[in-house]
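A look at the structure
Read off the chains here:
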Amino acid sequence: MNRRGTIGIIVSVMLIIALVLVFTDPWSTLHRDSRKLLLNHPAEVDRIFLSDGYDTTLLVRQDSDWLLSGRERVNPVAVENLLFAAERIRISSILTGEPDAEGKSVRRIRFYSGNEVVLEYDFITDGTRYLVSPPGSERSYYVSLPGYPGLDLDRVFSSGPNHYREHLLIDLLPSEISLIEVEAGDGEPFRFTQDPRGDIRCLLPESDSVIPFSRLDTLAVRLLFSYFTNIRYERATGIPVSRLTGTGPGTTPLARLRVESRRGEKHILRIYPLYRDQGGEPDMFRALVAYNDRPEALVVNYIYLDVLMRDLPRYFANGE
């Protein structure tokens, strides 16, 4: 074949490819659909509605503040994360047809500007993948947030009101907890671990021994796992944590708690008595808490802490 013929074949192939791209244009379809899922002009959004089978949350912006149901101030970081993710999510793959929602978390999300709904979709997840389904659309889209591969979008797009409240320290469901370690006063530390099936073991770290679960009060242990939902603090004190670890009154912790979730969250609370006056009696209703690496102590109500500071015999069956 001469050179002129070869050039002619190459030109023909290129023309065919160009025509295919013009009429099918898969990239154009993907880009067009992506634009439909993105939140444009997030600064103009003044209401956000999130609802699933259990919770409903309405976030309302008044001036520069976001309020829960228009009344209670919320954590601005939680709302900023939601708007950031809604503005930047990207399509990973396309699902044609009706999405399968059986056994999955499904929530409806709407963003408003004034009385206009500027973006709406169902957010569906099985805990590992995230599917966005616009109402009336024949397609659904698996999405991710580029640059944040480990981010839990299910948490970012939460419809639970507690997720948005200010002063929230810990908000874990019982099934989300993988480890609870308690060191109450001078007692021996003990640890409960929970595997993905929900089976719980009790260990004594210092002696590296396991307590048979048959010796434990199953209900009491299960209740402990339920107490880590919506733990909040009242205020920051300005008291440096370093002052609590010195010598003198109030420097011996009442208890130390460590909680870990399956997603890798770690929460460490060292609980100290709160003295209203120097040399006075400790507060009966509140305590000081050194939380994770925060440099200043927090005031936390005992309503959250009392049930967490029990020693191991409280979890034995028949009061062993």
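Heads up: the structure comes first, above all this text.
Residues numbered from 1 in each chain as written. Predicted model: local features only at pLDDT ≥ 70, side-chain atom pairs only at ≥ 80, totals over all residues. Heavy atoms only, no water.

Looking only at helices and strands, one finds eight helices and 20 strands in the protein chain. For the protein chain, with 320 residues in total, the buried portion stands at 39%. Within the protein chain, contacts between residues separated by at least 24 positions form 57% of all contacts whose residues are at least 6 apart in sequence. Total accessible area on the protein chain stands at roughly 18,500 Å², and carbon and sulfur atoms take up 51% of it. (Helix = DSSP H or I, 4+ residues; strand = E, 2+ residues; numbered from the N terminus. Buried < 20%, exposed > 50% of the residue type's maximum accessible area, 1.4 Å probe, protein only. Contact = heavy atoms within 4.5 Å. Areas by Shrake-Rupley, 256 points an atom, 1.4 Å probe, with all protein chains shown as cover.)

Where charged atoms from two side chains of opposite charge come close, those side chains can pair. Scanning the model with the defined rule gives 20 salt bridges in all. Of the charged contacts in the structure, one is a salt bridge between Arg263 and Glu176, with a shortest N-O distance of 2.9 Å. With Arg263 in the loop between strand 17 (255-261) and strand 18 (266-275) and Glu176 in the loop between strand 10 (168-170) and strand 11 (177-184), the pair connects residues that are 87 residues apart, well separated along the chain. A residue is classified by how much of its surface remains accessible, and Arg263, at 36% relative accessible area, is partly exposed. Exposure remark for Glu176: the relative accessible area of 17% places this residue in the buried category. In this structure, the salt-bridge partner of Arg197 is Asp199, at a minimum N-O distance of 3.2 Å. We classify Arg197 as exposed; its relative accessible area is 70%. The structure contains a network of salt bridges with shared partners spanning Asp152, Arg155, Glu176, Arg263 and Glu265. (Salt bridge = Lys/Arg side-chain N within 4 Å of Asp/Glu carboxyl O.)

The strands making up a sheet associate through backbone hydrogen bonding, with each pair oriented either parallel or antiparallel. One open sheet holds the nine strands; their spatial order is 4-3-2-1-6-7-8-9-5, and the pairing between them is antiparallel. The open sheet terminates on both sides in strands that have one partner only, identified here as strand 4 (72-73) and strand 5 (90-96). The pairing of strand 8 (residues 130-133) with strand 9 (residues 139-144) spans two bridges and is classified as antiparallel. Following the sheet pairing, Val132 is matched in strand 9 by Tyr141. Where helix 3 (residues 76-88) meets the sheet, its contacts fall on strand 1 (47-51), strand 2 (56-62), strand 3 (65-68), strand 5, strand 6 (105-113) and strand 7 (116-125), and the angle it forms with strand 1 comes to roughly 85°. (Pairing = 2+ DSSP bridges. Axes fitted to C-alpha atoms, helices over the stretch in contact; angles between N-to-C directions.)

With that out of the way, let us pick up the packing of aromatic side chains. On inspection of all chains with the given rule, the structure shows six aromatic pairs. Judged by centre distance (5.8 Å) and plane angle (85°), the rings of Phe84 and Tyr148 are edge-to-face. On the criterion of sequence distance, the pair formed by Phe84 in helix 3 and Tyr148 in the loop between strand 9 and helix 4 (153-156) is long-range, its members being 64 residues apart. Residue class for Phe84 comes out partly exposed when judged on its relative accessible area of 28%. Judged by relative accessible area, Tyr148 falls into the partly exposed class, the value being 41%. Where Phe190 meets Phe192, the ring centres are 5.8 Å apart and the plane angle is 80°; that geometry is what we call edge-to-face. Of the two residues examined, Phe190 and Phe192, each falls in the buried class. These aromatic residues form a ring-pair network of at least three members: Phe123, Tyr130 and Phe157. (Phe/Tyr/Trp six-rings, centres within 6.5 Å; stacked < 30°, edge-to-face > 60°.)

Moving on, we come to helix 6 (residues 218-226). Within helix 6 the residues assigned to the buried category are Ala220, Val221, Leu224 and Phe225. Looking straight down helix 6, one finds its buried side chains confined to an arc of 145°; they lie on one side. Buried positions along helix 6 lie against strand 11, strand 12 (190-194) and strand 13 (200-204). (Arc of directions from axis to C-beta.)

These figures come from the coordinates and say nothing about function on their own.
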